[in-house]
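Fold and geometry: a report
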Amino acid sequence: MTGSNSSGHRFAGLAFLLLAALARTALAQPAELIVSNAKIATLDERSSTAQAMAVRDGKIIALGPDAAILALAGPHTRKIDAGGRTVVPGLIDSHMHAIRAALSFSTEVNWIGARTIAEALERMREAARNARPGAWLIVAGGWTEQQFAEKRRPTLAELTAAAPDNPVYVQLFYSSLLLTPKARAALNMPPEADPPPRMSIERNAEGVPTGWLGGDILSVSAQFDKLPRPTFEDNVAGTRKFFSELNRLGITGVLDPGGFNIASSQYAALFRVWRERGLTVRVAYSLFSQNNGAELAEFRNLAQMLPMGFGDDMLHFNGIGERITAATYNNDAPSEEAKEKFYAIIRWAAQQGLTLTIHWQENKSVGQLLDLFERVNRETPITGLRWSIAHLNDGSAATFERMKALGVGWTMQDAMYFQGDQELARRAEAARRMPPIMTALRTGVHVGAGTDAHRVASYNPFVALQWMLDGKTVGGTTLRGPDETPTREQALRLYTLSSAWFSFDEDKRGSLEVGKLADFAILDRDYFSVPAGEIARIESVMTVVGGKVVFTGRP
């Protein structure tokens, strides 16, 4: 026995020496990039911090104190002194319509973050000054009247005065839109008294039409489809510009669920930027059905050359969603026939090993969706496929338990920041637990954070993070109470490592650990200590994706 133990100890000792030698050899090569004098929040299992980080070949090779990490520098190492600033893993939005937003970002007028109507109108005037004569000026969304000090929408007269020589289209969420007279003429629309199908004329207190039209997601999307499309070169320029804008806010990854108004051919700009190695945000994209009534055939056709994960670390296919069928989209009471057609698609997806994400709003009706998931699971297990439900702002503990049992995650967005005041009027006290972030975390269901930008929300992750922590709407109303409020670290984890789970990437990114991709942001102020009401103002001083600096801001 003694001899056996001695041999075991000698073997263990040799193994240790061999591993140590391999580690020394790996670190003997100089780092390509070193960040020092920093407060690095690694978000590893121990919630550890570090002063410095070394990067080579796009990955983190070491973390530790300044002296030890700086010793890994070579003559060509790029050294970045963070000046004591906080460094966080690159933020990952688990549900953003980024590909669609990017297509027109270089040609749209953006009201995101405007605090007054005067500021919004000045952005319109500036766009008109810079636009070619007669060019369309389009505000596609991402704003609400509650963000303005005036607490109202711009009027038709104000918009016409701001851009008298251009057709103007303004969209508010998927509920309202406004077209100036030149826009109506350009689209050959009938007089104001004759609204488009499924739309209504909005009137003021005196019964006079305001110029605004009310509608729903289908009717508003139908009007947007009538607008002239940006050119392909505009699409490419917009993709580069929008992703750079996301980098400015520390975003290094998005999960894109497709969306209305974007056909498969419109992914060409994204693919070109990817082929040219110009992507600065990692994109995992899903296929969104566009052909009402023929969704299964559409998915089969598009996905036959797209196995799960097809692509690389910058761009890859991530299954189907967020609309599976038109008949079950935003429908709390689908017919039995509609549910059977839906079931046929999700059964096919499970058989193909595809990830699936589904848009569902109401907890009162989500049980029938989970019934179908459970039915599929009995035939073809889905627990390892990382299916997810988006939105579901009023999810219950019982719902989350069912989701956890199926391995189904929840992608949660900050819709209540923009629409919380309306929900409070509609649901009364029930709105004060929406969304139930901590209830979901306590059940152990996987939760990813995001925005659902840019038609219905701002893409700014720090707006979402502030809202997660203070529970205040854009109008200043405090809704969600302490029982459903995460800590700052928990909220940040939802925007990083937890979001990475939905694209099978948690072992590659989402935390700052040796061997993981070097995706991180150096922030202009400390996320962990600034007053909660100032978190929305945070920006990135420097954003790095795969060890490559993709954005530098003010010092």
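The structure we're discussing is the one just above.
Let me sum up the structure you'll find in this document.

Reading the values: rules and limits
Residues numbered from 1 in each chain as written. Predicted model: local features only at pLDDT ≥ 70, side-chain atom pairs only at ≥ 80, totals over all residues. Heavy atoms only, no water. Helix = DSSP H or I, 4+ residues; strand = E, 2+ residues; numbered from the N terminus. Rg over C-alpha atoms; globule rule 2.2 N^0.38 Å. Buried < 20%, exposed > 50% of the residue type's maximum accessible area, 1.4 Å probe, protein only. Contact = heavy atoms within 4.5 Å. Areas by Shrake-Rupley, 256 points an atom, 1.4 Å probe, with all protein chains shown as cover. Lys, Arg positive; Asp, Glu negative; His and termini not counted. Charge placed at Lys NZ, Arg CZ, Asp CG, Glu CD. Pairing = 2+ DSSP bridges. Axes fitted to C-alpha atoms, helices over the stretch in contact; angles between N-to-C directions. Arc of directions from axis to C-beta. Polar contact = N/O pair within 3.5 Å; in protein donor to acceptor, adjacent residues only side chain to side chain. Left-handed = near helix turned anticlockwise from the far one by under 90°. Nonpolar A, V, L, I, M, F, W, Y, C, P; charged D, E, K, R; others polar. Phe/Tyr/Trp six-rings, centres within 6.5 Å; stacked < 30°, edge-to-face > 60°.

With respect to the overall build of the protein
Secondary structure assignment for the protein yields 18 helices and 23 strands. The C-alpha atoms of the protein give 25 Å as radius of gyration, which agrees with the globular expectation for 555 residues (24 Å, within 12%). With respect to the three principal axes, the spread of C-alpha positions in the protein is 95 × 55 × 45 Å. Per-residue burial over the protein gives 55% buried out of 555 residues. Here the analysis covers contacts within the protein between residues at least 6 apart in sequence; of these, 72% occur between residues at least 24 apart. Here the protein has roughly 22,800 Å² of accessible surface; of this, 54% comes from carbon and sulfur atoms. Here the protein contributes 59 positive and 59 negative side-chain charges, whose respective centroids are spaced 3 Å apart.

Regarding the pairing of strand S12 (residues 200-203)
For S12 and strand S13 (residues 209-214), the ladder comprises three bridges, and the chain directions are antiparallel. The residue bridging Arg203 from the neighbouring strand is Pro209, located in S13. Connecting S12 to the antiparallel partner S13 that follows it, the hairpin turn spans five residues, and Gly207 within it adopts a positive phi of roughly 85 degrees.

Observations concerning the sheet that holds strand S2 (residues 39-41)
The strand order across the open sheet built from six strands is S3-S2-S7-S21-S22-S23, with neighbouring strands paired in mixed fashion. Two strands bound the open sheet, and with one partner strand each, they are strand S3 (49-50) and strand S23 (548-552). As judged from the two bridges shared by S2 and strand S7 (residues 86-89), these two strands associate in the parallel manner. Residue pairing for S7: Ile40 is matched across the bridge by Val87. This element, helix H8 (residues 232-248), spans strand S22 (540-545) and S23 of the sheet and lies at about 85 degrees to S23.

Let's talk about helix H9 (residues 268-275)
An α-helical segment advances 3.6 residues per turn. Residues three or four places apart therefore align on the same side. Turning to H9, its buried residues are Ala269, Leu270 and Val273. Taken down its axis, H9 places every buried residue within 100 degrees of arc, on the same side. Buried residues along H9 sit against helix H3 (98-103), H8, strand S15 (282-287) and strand S16 (315-320). Arg277, located one to two residues past H9, shows a positive phi value of around 60 degrees.

Let's talk about the side chain of Glu245
With respect to the secondary-structure elements, Glu245 resides in helix H8. Residue Glu245 is classed as buried on the basis of its relative accessible area, which comes to 17%. Within polar-contact distance, the side chain of Glu245 engages the side chain of Arg248 at 2.8 Å. Residue contacts for Glu245: discarding those within four places in its chain leaves Phe105 and Tyr459.

Notes on the packing of H8 against H9
Taken N-terminus to C-terminus, the directions of H8 and H9 make an angle of 65 degrees; their axes are 9 Å apart at the nearest point. For the pair H8 and H9, the sense of crossing is right-handed. Facing Phe232, Glu233, Asn235, Val236, Thr239, Arg240 and Phe243 of H8, the residues of H9 in contact are Ala268, Ala269, Leu270, Arg272 and Val273. When the residues that make up the contact of H8 with H9 are grouped by side-chain class, the tally is seven nonpolar, two polar and three charged.

Comments concerning the packing of aromatic side chains
The geometry of an aromatic ring pair is captured by two quantities: the separation of the ring centres and the angle between the planes. Within this structure, the stated rule accounts for 21 aromatic pairs. Both rings, one in Trp111 and one in Phe148, keep their centres 6.3 Å apart while their planes meet at 75 degrees; by these two values the pair is edge-to-face. Of this pair, Trp111 sits in the loop between H3 and helix H4 (117-130) while Phe148 sits in the loop between strand S9 (137-139) and helix H5 (156-162), placing them 37 residues apart in sequence. Of the residues examined, Trp111 reaches a relative accessible area of 0% and is grouped as buried. Ring centres 5.9 Å apart and planes at 55 degrees place the aromatic pair Tyr285 and Phe317 in the tilted group. Within this pair, whereas Tyr285 is found in strand S15, its partner Phe317 is found in strand S16, the two being separated by 32 residues in sequence. For the pair Tyr285 and Phe317, a shared accessibility class is recorded, and that class is buried. Connected via pairs of aromatic rings, a cluster forms that spans Phe105, Phe242, Phe243 and Tyr459.

Structural notes on the sheet that holds strand S11 (residues 176-179)
Taking strand neighbours across the sheet as the criterion, the five strands line up as S9-S10-S11-S13-S12 in an open arrangement whose pairing is mixed. Two strands close off the open sheet at either side, each with one partner strand: S9 and S12. Across this sheet, the average inter-strand angle for adjacent strands is 25 degrees, counted without regard to direction. Pairing geometry for strand S10 (residues 168-172) and S11, over four bridges, is antiparallel. Residue Val170 lies in a different strand from S11, and its bridge partner there is Leu178. Docked against the sheet, H4 engages S9 and S10, running at close to 150 degrees with respect to S9. Running at roughly 160 degrees to S10, helix H7 (residues 217-224) makes contact with S9, S10 and S11 of the sheet.

Some points on unusual backbone geometry
Gly321 connects to Glu322 through a cis peptide bond whose omega is -5 degrees. Position of Glu322 among the secondary structure elements: in the loop between S16 and helix H11 (336-352). In the segment running from Ala453 into His454, the intervening peptide bond is cis, with an omega of 5 degrees. Counting through the fold element by element, His454 comes out in the loop between strand S20 (447-450) and helix H16 (461-470). The phi dihedral of Asn188 is positive, around 55 degrees, even though this residue is not glycine. Inspection of the secondary structure puts Asn188 in the loop between helix H6 (181-186) and S12. Positive phi is not limited to glycine here, since Arg386 has a value of about 60 degrees. Tracing the backbone shows Arg386 in the loop between helix H12 (363-379) and strand S18 (388-391). Look at Arg386 and you get buried, because its relative accessible area is 15%.

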